[in-house]
Amino acid sequence: MRALVTGGSGHIGAAITARLAAGGYTVAIADLAEPAPEVAGLADRYVAADVTSEQGAREAVQVAAGAGHLDVLVNCLGVSPKKNGRKRPLGEIALEEWERVFAVNVTACFLTMREAMPRLRPHANASIVNVVSAVAKLGAAGPDGATYGPAHPSGAHYCASKAALANLTVSAARELAQHGVRCNGVAPGYIGSGMGGTTDATVETRLLGQVPLSRSGTADEVAAVVGFLVSPDASYLTGEIIDVDGGWVPD
Ligand SMILES: NC(=O)c1ccc[n+]([C@@H]2O[C@H](COP(=O)([O-])OP(=O)(O)OC[C@H]3O[C@@H](n4cnc5c(N)ncnc54)[C@H](O)[C@@H]3O)[C@@H](O)[C@H]2O)c1
């Protein structure tokens, strides 16, 4: 079984790589950054690719699938620009930053899915998992001290891009179903590592006050749900986005 994890060098992507490798997958990582040695040791190969380009996405899928098929694609790459650990106000978001956020969080996922589709093995539990975010439903928080809107550090561009990715996940699920390929998402809440680890301490305290389980999640807790979604146990699940957020966002 072969898997491709984009963003596999990041904190959550590394945990997903480890989970898939433990489940018997031969995992390729596609990332701008090299994986840490312990993660590189679990992955079969690393592709240094910017998957926002057609060429990068094609190369990543080709390397992961080799001459054969791909069983799993996990899109875990992402960017969330912040200003000193807080959300950048909408009026301060430069067009260039907006476009980069959409290129990484949405376009790259479209491109890797498009490249992977012909390689995903029909009727062999092949599936795609996109890593979305709780903020896809929440939108950006209000200004400091506001009583409306949940506190979190994500800018409006990040939130909008994750909402677009959630929608793309549902569209892909419907289209791929006829080929026996499933497509789902996970929506992590506040994971206190990776991009979450750059959050301002005051914002973090307010944010965790909104989480019923009263703590941040871990990359392993997200990876466990990804592991379930790609497994035969989830064979009747497609077009689903599972919140992994300690109860933060109500359905
Ligand atoms: N950490 C959290 O609290 C949190 C919460 C909700 C959702 N998420 C989502 O989880 C995913 C992983 O986040 P993380 O916290 O591990 O962040 P991270 O920054 O540790 O990992 C992101 C990875 O994406 C890679 N990447 C960025 N642009 C790329 C490109 N163009 N081509 C290839 N690779 C690229 C980066 O090099 C990095 O390794 C992201 O999609 C993020 O939006 C994270």
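As annotated in an unreviewed UniProt entry, the protein chain carries the name Short-chain dehydrogenase and comes from Jiangella anatolica. Note on the protein chain: under the UniProt heading Sequence similarities (unreviewed entry), the record states "Belongs to the short-chain dehydrogenases/reductases (SDR) family."

Trainee: Looking at this structure, how should I read the side chain of Ser-9?
Mentor: Tracing the chain through its elements places Ser-9 in the loop between strand 1 (2-6) and helix 1 (11-22). Judged by its relative accessible area of 19%, Ser-9 is buried. Only 2.6 Å separates the side chain of Ser-9 from the backbone oxygen of Ala-33, close enough to count as a polar contact. Excluding its chain neighbours within four sequence positions, the residues that come into contact with Ser-9 are Ile-29, Asp-31, Ala-33, Glu-34, Pro-35 and Tyr-46.

Trainee: Could you clarify how one ought to interpret the sheet that holds strand 6 (residues 182-188) in this entry?
Mentor: Two pairing modes exist for strands in a sheet, parallel and antiparallel, and in both the strands are linked by backbone hydrogen bonds. Spatially, 3-2-1-4-5-6-7 is the arrangement adopted by the seven strands of the open sheet, whose pairing is parallel. Every interior strand has two partners, whereas the edge strands, strand 3 (45-48) and strand 7 (241-244), have only one. Strand after strand, the sheet turns through a mean of 15 degrees between neighbouring axes, direction not considered. As paired elements, strand 1 and strand 4 (residues 72-75) share four bridges and run parallel to each other. The residue bridging Val-5 from the neighbouring strand is Val-74, located in strand 4. Packed on one face of the sheet, helix 4 (residues 95-116) meets strand 1, strand 4, strand 5 (127-131) and strand 6 and runs near 175 degrees to strand 4.

Trainee: Help me understand the environment of Val-39 in this model?
Mentor: With respect to the helices, strands and loops of the structure, Val-39 is situated in helix 2 (residues 37-40). Judged by relative accessible area, Val-39 falls into the buried class, the value being 9%. Those residues in contact with Val-39 that sit more than four places away from it in its chain are Gly-8, Ala-14, Thr-17 and Ile-29.

Trainee: Please explain the site of the ligand as it appears in this structure.
Mentor: Taken together, 30 residues lie near the ligand, and Ile-12, Asp-31, Asp-50, Tyr-158 and Lys-162 sit nearest. Here a nitrogen atom of the ligand sits 2.8 Å away from a polar atom, N or O, in the side chain of Asp-50. Val-51 places a main-chain nitrogen or oxygen 3.3 Å from a nitrogen atom of the ligand. Structurally, the ligand is housed in the largest pocket. Taken together, the elements giving at least two residues each to the shell around the ligand come down to helix 1, helix 4 and helix 6 (156-177).

Procedures and definitions
- Residues numbered from 1 in each chain as written.
- Predicted model: local features only at pLDDT ≥ 70, side-chain atom pairs only at ≥ 80, totals over all residues.
- Heavy atoms only, no water.
- UniProt positions renumbered as here; feature names shortened; annotations may be inferred.
- Helix = DSSP H or I, 4+ residues; strand = E, 2+ residues; numbered from the N terminus.
- Buried < 20%, exposed > 50% of the residue type's maximum accessible area, 1.4 Å probe, protein only.
- Polar contact = N/O pair within 3.5 Å; in protein donor to acceptor, adjacent residues only side chain to side chain.
- Contact = heavy atoms within 4.5 Å.
- Pairing = 2+ DSSP bridges.
- Axes fitted to C-alpha atoms, helices over the stretch in contact; angles between N-to-C directions.
- Near = heavy atom within 4 Å.
- 1 Å grid on protein atoms, 1.4 Å probe; cavity = no way out; pocket = protein on both sides within 12 Å on 5 of 7 lines; lining within 4 Å.
- Sits in = over half its atoms within 2 Å of the grid points.

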